[in-house]
Amino acid sequence: MRPCASCWIILLACGVTFPAEPEPTDPLATAETKALYRNLCEVTQKGILLAHQDTLAYGVGWKAGANDFDSDVHRVCGRFPAVFGWDLGHIGTPANIDGVPFENMKVWIARGYARGGVNTISWHARVPGSIESSWTRKKVVVRLLPGGDLHQTWQTKLDEVAVFLADLKGPGGEPVPVIFRPFHEHNGSWFWWGAEWCTPDEYKQIWRFTIDYLRKTRGLHNIITCYSPDRFKSAEEYLERYPGDDVVDILGHDNYGDLRSSDTKEQARRALETVVALAEERNKLAAFTETGVGQGERNANWWTDILLDVVNASPQTRKLAWVLVWRNADRRQNYAPFPGAATVEDFKAFEADPFTLFLEDLPPMYK
Ligand code: BMA
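For clarity, every value in this text was computed on a predicted model and none was experimentally measured. (Residues numbered from 1 in each chain as written. Predicted model: local features only at pLDDT ≥ 70, side-chain atom pairs only at ≥ 80, totals over all residues. Heavy atoms only, no water.)

Participant: Would you mind showing me how to read the site of the ligand here?
Facilitator: Taken together, I97, D98, H124, W135, W326, R327 and Q333 make up the full set of residues adjacent to the ligand. For the ligand, an oxygen atom lies 2.9 Å from a polar atom in the side chain of W326. Relative to its unbound accessible area of 310 Å², the ligand is 75% covered by the protein chains. Under a 2 Å grid-point criterion requiring more than half of the atoms, the pocket assigned to the ligand is the second largest pocket. Broken down by class, the residue content of the shell around the ligand amounts to 3 nonpolar, 2 polar and 2 charged. (Near = heavy atom within 4 Å. Polar contact = N/O pair within 3.5 Å; in protein donor to acceptor, adjacent residues only side chain to side chain. Areas by Shrake-Rupley, 256 points an atom, 1.4 Å probe, with all protein chains shown as cover. 1 Å grid on protein atoms, 1.4 Å probe; cavity = no way out; pocket = protein on both sides within 12 Å on 5 of 7 lines; lining within 4 Å. Sits in = over half its atoms within 2 Å of the grid points. Nonpolar A, V, L, I, M, F, W, Y, C, P; charged D, E, K, R; others polar.)

Here you go:
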């Protein structure tokens, strides 16, 4: 509840302050982008949104056409994830790193938005100017910065990203807001932007350059940004490469390892509580940006015994905006249930829990 005008005067005179309305870092963010940020802050007080990578594009044993609106999650429980995850890996070619045609991806992002859902985009970027994958272990970041031999190449790559993002249009022609999560899991060293391959300062610079380029040079104002380190030991490690409060909107965390078994779920809970605390200090949102367990490691009750138990563990973890599970590539690699999977019944219980929010549970997110 907000105080009335005369109460305000009294409260201000007494030196009482209120946290400002949460706003995304882009002062020129479109109305829908600002609304999405605010509504995420609101809805997160009621529950956690389920997110699934590539959910509309394919599932175990099927592949969607541009006109389909389908998902393994929907096949299993009759409801869609509230958040749709996408990846820009291989942008500049017809299909992304996992075979999703970019033209279809645009259609699904727009349709997910038109139905009131949220879109989040990661980027398993190739080494710019080459076909070397994200998992290339060498120093690239410094070469992308101003003065580096790949700086122009990087800008050309960002131009391709900008064209893609500018093409995302809602029913009224308005830009579709997206949550952009570049250079993820950077405190590990498996990607070329990882800890061993650039200094903290270089990492911060490339992050900032990238966002500034999209927002200021390319004039895109439909981007909410998300920072997402992998497992970390302390708040200091989490923040070591943090690009800055003026450019990060959401503090995320990717954690697969600690969710494999009940023995480590306390660790996962504590890490997420740290992320929420760091986000709250900054009047920003927190999210559980990637998790899941692979085939073979899976406990049939993983959804309620482990995942729900972790995200619903404390008042702090309950402030996470969403939890994203990775893609359903095939029978070997899948993180959401699919018809016939051993986790189906437990997933239905997860869905039925009032704390978990699916597409159909969302209030209007863009007003
Ligand atoms: C990884 C795996 C890969 C995939 C990549 C990018 O975690 O799922 O199969 O190509 O993400 O989506």
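Moving on from the coordinates now.
Participant: Just checking my understanding: could you explain the pairing of strand β6 (residues 178-181) for this structure?
Facilitator: Remark: a regular strand shows side chains that alternate across the two faces of the sheet. Across the two faces of β6 the burial is the same, with V178 and F180 and I179 and R181 all buried. The pairing of β6 with strand β7 (residues 223-227) spans 3 bridges and is classified as parallel. Along β7, the bridge assignment pairs I179 with I224. (Buried < 20%, exposed > 50% of the residue type's maximum accessible area, 1.4 Å probe, protein only. Helix = DSSP H or I, 4+ residues; strand = E, 2+ residues; numbered from the N terminus. Pairing = 2+ DSSP bridges.)

Participant: Before we go on, may I ask you to explain the packing of helix α10 (residues 302-311) against helix α11 (residues 344-352) in this structure?
Facilitator: Pairs of packed helices are described in terms of their axes, by the angle between the two and the distance that separates them. At a minimum axis separation of 8 Å, α10 and α11 run at an interaxial angle of 45°. Taken together, the axes of α10 and α11 are oblique relative to one another. Between α10 and α11, the contacting residues are W302, W303, T304, L307 and L308 on the first element and D346, F347, A349 and F350 on the second. Split by residue class, the contact of α10 with α11 holds 7 nonpolar, 1 polar and 1 charged. (Axes fitted to C-alpha atoms, helices over the stretch in contact; angles between N-to-C directions. Parallel < 35°, antiparallel > 145°, perpendicular 65-115°, else oblique. Contact = heavy atoms within 4.5 Å.)

Participant: Teacher, can you tell me more about helix α7 (residues 200-217) here?
Facilitator: An α-helical turn contains 3.6 residues, so a residue and the one three or four places further along point in the same direction. Over its 18 residues, α7 extends 24 Å from the first C-alpha to the last, a length consistent with the 26 Å expected when each residue adds 1.5 Å. Residues E202, Y203, I206, W207, F209, T210, I211, Y213, L214 and R215 constitute the buried set of α7. Taken together, the buried residues of α7 touch α5 (141-144), α6 (151-166), β6 and β7. Downstream of α7 by one or two residues, G219 has phi in the positive range, about 70°. (Expected span 1.5 Å × (residues − 1).)

Participant: Help me out: how do you make sense of the side chain of T136 in this one?
Facilitator: As for its placement among the helices and strands, T136 is situated in the loop between β5 (118-122) and α5. Look at T136 and you get buried, because its relative accessible area is 15%. If near-sequence neighbours (up to four positions away) are discounted, T136 is found in contact with V127, W190, F191 and W192.

Participant: For this particular structure, what's the right way to read the pattern of salt bridges?
Facilitator: Between side chains of opposite charge, a pair can form as their charged atoms come close. One pass over the structure, following the stated rule, counts 27 salt bridges. The partner of D70 in a salt bridge is R75, and the shortest N-O contact between them spans 2.7 Å. For D70, a relative accessible area of 19% corresponds to the buried category. Note that R327 and D98 form a salt bridge whose closest N and O atoms lie 3.3 Å from each other. Linking R327 in the loop between β10 (322-325) and α11 with D98 in the loop between β4 (83-87) and α4 (102-114), this pair joins segments that are 229 residues apart in sequence. Using a relative accessible area of 26% as the deciding quantity, one classes D98 as partly exposed. (Salt bridge = Lys/Arg side-chain N within 4 Å of Asp/Glu carboxyl O.)

Participant: What am I meant to see in the packing of helix α9 (residues 265-281) against α10 here?
Facilitator: Running from amino to carboxyl end, α9 crosses α10 at an angle of 25°, the nearest separation of the two axes being 9 Å. Considering their axes alone, α9 and α10 lie roughly parallel with respect to each other. Crossing geometry of α9 relative to α10 is assigned as right-handed. Taken together, the residues of α10 that come into contact with α9 (itself represented by K265, A268, R269 and L272) are D305, I306, D309 and V310. Each residue belonging to the contact of α9 with α10 can be placed in one class, and the counts come to 4 nonpolar, no polar and 4 charged. (Left-handed = near helix turned anticlockwise from the far one by under 90°.)

Participant: For this particular structure, what's the right way to read the packing of aromatic side chains?
Facilitator: How two aromatic rings sit relative to each other is set out by the distance from centre to centre and by the angle between their planes. Per the stated rule, a full pass over the model turns up 25 aromatic pairs. A centroid spacing of 4.9 Å and a plane angle of 85° characterise the contact between W192 and W193, whose relative ring orientation is edge-to-face. You can call W192 buried: its relative accessible area is 0%. Since its relative accessible area comes to 0%, W193 is described here as buried. One residue, R115, lies across the ring of F69, its end atom 3.8 Å from the ring centre. Above the face of the Y242 ring, R282 is positioned so that its terminal group lies 5.2 Å from the ring centre. (Phe/Tyr/Trp six-rings, centres within 6.5 Å; stacked < 30°, edge-to-face > 60°. Lys NZ or Arg CZ within 6 Å of the ring centre and 35° of its normal.)

Participant: Explain the nonpolar core here, please?
Facilitator: Nonpolar side chains tend to gather and get buried jointly when the protein is soluble and globular. One finds L49, F164, L165 and W322 to be the most contacted residues of the largest nonpolar core, which totals 119 residues. The contacts of F164, once residues within four sequence positions are left out, are L88, I91, F102, M105, K106, I109 and I121. (Core = buried A, V, L, I, M, F, W, Y, C linked by side-chain atoms within 4.5 Å.)

Participant: Just checking my understanding: could you explain helix α2 (residues 31-43) for this structure?
Facilitator: Here α2 is 13 residues long and its end C-alpha atoms lie 18 Å apart, about the 18 Å a rise of 1.5 Å per residue gives. Turning to α2, its buried residues number three or more, namely T33, A35, L36, Y37, N39, L40, C41 and V43.

Participant: Would you mind showing me how to read unusual backbone geometry here?
Facilitator: The phi angle of most residues is negative, glycine excepted, and most peptide bonds adopt the trans form. In the Ramachandran plot, E185 falls in the positive-phi region, its phi being about 50° despite a non-glycine side chain. Checked against the element boundaries, E185 lands in the loop between β6 and α7. Residue E185 is classed as buried on the basis of its relative accessible area of 7%. Its identity as a non-glycine residue notwithstanding, N283 has a phi of 55°, on the positive side. With respect to the helices, strands and loops of the structure, N283 is situated in the loop between α9 and β9 (285-291).

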